[in-house]
Structure formats: structure tokens, C-alpha cells
Amino acid sequence: MRSTLLALSGALIMTATSASAQSARDLRGPAAVVPIENEPPARLIVDPPIPEALAKGRVFIQYRAENLRIVQVFGPAALAVSPRVGHIHVTVDDLPWHWADASGEQIILTGLPVGRHKVLIELVNANHQTIDQQTVSFVVPVLATPASHQ
């Protein structure tokens, strides 16, 4: 009888755990190798700079793309890929140039002078056409210690 109760309670615990656990698809989205019909629009979500780093003169901006995979695939032929692929363009303080990033990692800026700044982050397709964009404004404080590479 005791072994039956132990087996039954173990089965109940496993069932409860399985019911509350999320699948990989729930967390990561659909498999990257299966085409998606009627893909929802791609969207860019950008957080403000991390305050602790900004106080030290470093700018760490985290972002994520929805309904688009950030990958190192470029050119017109990649426009037909499903699930959709692309990368970001980053422009600091309205400079006449930007850089492309396909890492999917946070943006890190160091060495900006004290004062107000803005960073334009554009979510672009594989042919560099803008899909969505966000601008982040922030102030590098006077009390910031110079950023070092330590």
C-alpha cells in the first residue's frame, strides 16, 4: 500500500510539473527552419540604457526583435526567407553614418562626452530597408567616471 501511495504521489508531481512547464516553442517561438504563413509584422522593442552602467559613462542598450530573427544574412534573395530575417542599424547623435549589427546582443557605447545623447536603432530586413525603429535618449552624467576597458 505504501509503495502504491508513493508511486501515485510521484505521478501526480510529474503531471503537475509537466502542466506548469512551458515548452521551448512557448519561450523561443516557432522553429527557425519551418516557413511561417502569414507572418505577423516585425517589431523592435528597446529598453532605456542600464542606469548603473550609465552612471559610469557606459551605455548598455538592450533590445529584442519580434517576428524577425537577427542573423548575418544579407541581400535581396534573403527577403523571401521565412521565418523573416534581418539585423539592426545603429546611429548615434544624428551622425551621417551608422553601423550594422547582426549579433542580436546589446548595444554597448563607451567614450561619449558628458551631456545629452540619442541613439536611433532601426530594425531592417536583409536588404537594409527599415521595418521598425526606436530612438533612445539619455544623459551621460557629469559625475560619470571615465569608461575604461578593464
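Look above for the structure.
Notes on the structure in this doc start here. (Residues numbered from 1 in each chain as written. Predicted model: local features only at pLDDT ≥ 70, side-chain atom pairs only at ≥ 80, totals over all residues. Heavy atoms only, no water.)

1. Some remarks on the pattern of salt bridges
At step 1: All told, the structure shown has 3 salt bridges when counted by the stated rule.
At step 2: The salt bridge involving Glu-66 is made with Arg-43; its shortest N-O contact spans 3.1 Å. Residue Glu-66 is found in strand β3 (residues 63-66), and its partner Arg-43 is found in strand β1 (residues 43-46); the two are separated by 23 residues along the sequence.
At step 3: Among the ionic pairs, Glu-66 bridges to Arg-64, the shortest N-O distance being 2.9 Å.
At step 4: Accessibility expressed as a relative area gives 24% for Glu-66, which makes it partly exposed.
At step 5: Shared partners join several salt bridges into a network, and the residues in it are Arg-43, Arg-64 and Glu-66. (Salt bridge = Lys/Arg side-chain N within 4 Å of Asp/Glu carboxyl O. Helix = DSSP H or I, 4+ residues; strand = E, 2+ residues; numbered from the N terminus. Buried < 20%, exposed > 50% of the residue type's maximum accessible area, 1.4 Å probe, protein only.)

2. What to know about the packing of aromatic side chains
At step 1: Enumeration over the complete set of coordinates arrives at 1 aromatic pair.
At step 2: Here the aromatic rings of Trp-97 and Trp-99 are separated by 6.5 Å at their centres, their planes lie at 35 degrees, and the arrangement is tilted. (Phe/Tyr/Trp six-rings, centres within 6.5 Å; stacked < 30°, edge-to-face > 60°.)

That's the geometry; what it means functionally is another story.
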